[in-house]
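Summary of the model geometry
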Amino acid sequence: MRAGRQPGEALLRAARDCGGLADAQPTVLAAARFGGDVPEALATAARQPGAEGLRGLAACWRVAVDQGAGLAAGLDRLAAALRAERDQRSDLRAQLAGARATAVLLAGLPALGLLIGTALGADPLQVLLHTTAGLGCLVAGGVLEGLGLWWVQRIVRGAEEAA
């Protein structure tokens, strides 16, 4: 765009240079190549998972075509916003890694308890599997373990979706 190319030509060149858009969105490229409605094709393509940034590109394109605004400046701001969003998601994943690691550690503690009991000479599996109270504890512990893992996963997923 900054080199003086028309928007459609710049889009085709960018798709050819990076290769990603050419494989995923032939309708966008066809609209750019043959004078179709590029913003509409971009908005349609933005519905696919991972392509949400194309919605911003469609808006920039539409404003540039309809109002005569500079597309390059809009694309620079869009790129900065997408980078900031990517960095925010990355930070969130890093912060949630601690919660996930804690959940995995807590999920492994019952097995560690069984190993320690065996190492001390007790037979925890005999008690758990061959007595009524042991079976009750095993079932209750398994249910609580499953509920705890489900709860942590739900909290982490909710935090990811909120961001």
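Summarised in this report is the structure supplied together with it. Bear in mind that the values here come from a model prediction, so they are computed numbers and not experimental data.

What about the nonpolar core?
Taken as a class, soluble globular proteins show a tendency for nonpolar side chains to be buried jointly. In terms of nonpolar packing, the biggest core is built from 20 residues, with Leu11, Val28, Val38, Leu42, Leu54 and Trp61 touching the most fellow members. Put simply, the parts of the chain that give this core at least two residues each are α1 (7-18), α3 (26-34), α4 (38-45), α5 (53-67) and α6 (71-119). Among the elements that take part in this core, α5 stands out by supplying six residues, more than any other.

A look at the pattern of salt bridges
Counted according to the given criterion, the structure contains three salt bridges. Here Arg89 and Glu85 are joined by a salt bridge, their closest N and O atoms 2.9 Å apart. With Arg89 and Glu85 both in helix α6, this residue pair falls four residues apart, about one helical turn. Given the relative accessible area of 37%, Arg89 is considered partly exposed. Overall, Glu85 belongs to the partly exposed group, its relative accessible area being 41%. Arg86 is the partner of Asp87 in a salt bridge, and the nearest nitrogen-oxygen pair spans 3.6 Å. A residue is classified by how much of its surface remains accessible, and Arg86, at 44% relative accessible area, is partly exposed.

Quick look at the layout of surface pockets
If you add up the space inside the second largest pocket, you get close to 160 Å³. As for the second largest pocket, its lining consists of Pro110, Ala111, Leu114, Leu128, Cys137, Leu138, Gly141, Gly142 and Glu145. In terms of residue count, helix α8 (residues 132-162) provides more of the lining of the second largest pocket than any other element does, five residues in total. Each residue belonging to the lining of the second largest pocket can be placed in one class, and the counts come to six nonpolar, two polar and one charged.

With respect to the packing of aromatic side chains
Going through the model one piece at a time under the given rule, you end up with one aromatic pair. Their ring planes at 55° and their centres at 5.9 Å tell us that Trp150 and Trp151 sit as a pair that is tilted. Exposure remark for Trp151: the relative accessible area of 45% places this residue in the partly exposed category.

Observations concerning the packing of α5 against α6
Think of two packed helices as two axes; the pair is described by the angle between the axes and how far apart they sit. Taken N-terminus to C-terminus, the directions of α5 and α6 make an angle of 160°; their axes are 9 Å apart at the nearest point. In this view, α5 runs roughly antiparallel relative to α6, as classed from their interaxial angle. Read as a crossing pair, α5 and α6 show a hand that is right-handed. Mapping the contact onto sequence places Gly53, Gly56, Leu57, Cys60, Trp61 and Ala64 in α5 and Leu71, Gly74, Leu75, Leu78 and Leu82 in α6. Tallied by class, the residues present in the contact of α5 with α6 amount to eight nonpolar, three polar and no charged.

Description of α6
Its 49 residues give α6 an end-to-end C-alpha distance of 70 Å, which sits within 8% of 72 Å, the value for a rise of 1.5 Å per residue. If you check which residues of α6 are buried, you get Leu71, Ala72, Gly74, Leu78, Leu92, Leu96, Ala103 and Gly117. Directly after α6, the chain includes Gly121, whose backbone phi takes a positive value near 100°.

A closer look at α5
With 15 residues, α5 extends 21 Å between its outermost C-alpha atoms, agreeing within 8% with the 21 Å of an ideal straight helix rising 1.5 Å per residue. Buried residues of α5: Leu54, Leu57, Ala58, Cys60, Trp61 and Ala64, and no others. In an axial view of α5, the angular spread of the buried residues amounts to 165°, which keeps them on one side of the axis. Exposed residues pointing more than 90 degrees away from the buried face of α5 are listed as Asp66 and Gln67.

So, how was this worked out
- Each chain has its residues counted from 1, running along the sequence as written.
- A pLDDT threshold of at least 70 governs which residues receive local features in this predicted model, and a stricter bar of 80 or more applies before side-chain atom pairs are shown or counted, although totals over entire chains, interfaces and linings include all residues.
- To obtain the side-chain values, all non-hydrogen atoms of the structure were used and water was disregarded.
- Take the buried Ala, Val, Leu, Ile, Met, Phe, Trp, Tyr and Cys residues and link them wherever side-chain atoms come within 4.5 Å; each set so joined is a nonpolar core.
- Burial classification: accessible surface area is computed with a 1.4 Å probe over protein chains only, and a residue below 20% of its type maximum counts as buried, one above 50% as exposed, and the rest as partly exposed.
- We count a stretch as a helix when DSSP gives it H or I for four or more residues in a row; a strand needs E for two or more, and each element gets its number in order from the N terminus.
- Here, a salt bridge means any Lys or Arg side-chain nitrogen found within 4 Å of an Asp or Glu carboxyl oxygen.
- Both cavities and pockets are sets of points on a 1 Å grid over the protein atoms alone; in a cavity a 1.4 Å probe fits but cannot get out, in a pocket the set is open with protein on both sides within 12 Å along at least five of seven lines, and lining residues sit with an atom within 4 Å of a point.
- Grid points are joined across faces, edges and corners, and a volume is the space filled by probe spheres set on the points.
- For this scheme, ten residues count as nonpolar: Ala, Val, Leu, Ile, Met, Phe, Trp, Tyr, Cys and Pro. Four count as charged, namely Asp, Glu, Lys and Arg, and the remainder, Gly too, count as polar.
- Working definition: a ring pair exists when centres of Phe, Tyr or Trp rings (six-membered ring for Trp) sit within 6.5 Å. Plane angles under 30 degrees give stacked, over 60 give edge-to-face, the rest tilted.
- Between the N-to-C directions of two axes lies an angle of 0 to 180 degrees, each axis being a line fitted to C-alpha atoms and, for a helix, fitted only over the stretch in contact.
- Each angle gets one of four labels, with under 35 degrees taken as roughly parallel, over 145 as roughly antiparallel, 65 to 115 as roughly perpendicular, and the rest as oblique.
- Crossings are sorted by hand: turned counterclockwise from the far helix by less than a right angle, the near helix makes the crossing left-handed, and turned clockwise it makes it right-handed.
- Only heavy atoms matter for contacts: two residues are in contact if any of them lie within 4.5 Å across the pair.
- The span one expects for a helix is its residue count, reduced by one, times 1.5 Å.
- The arc in question is the one spanned by the directions pointing from the helix axis to the C-beta atoms.

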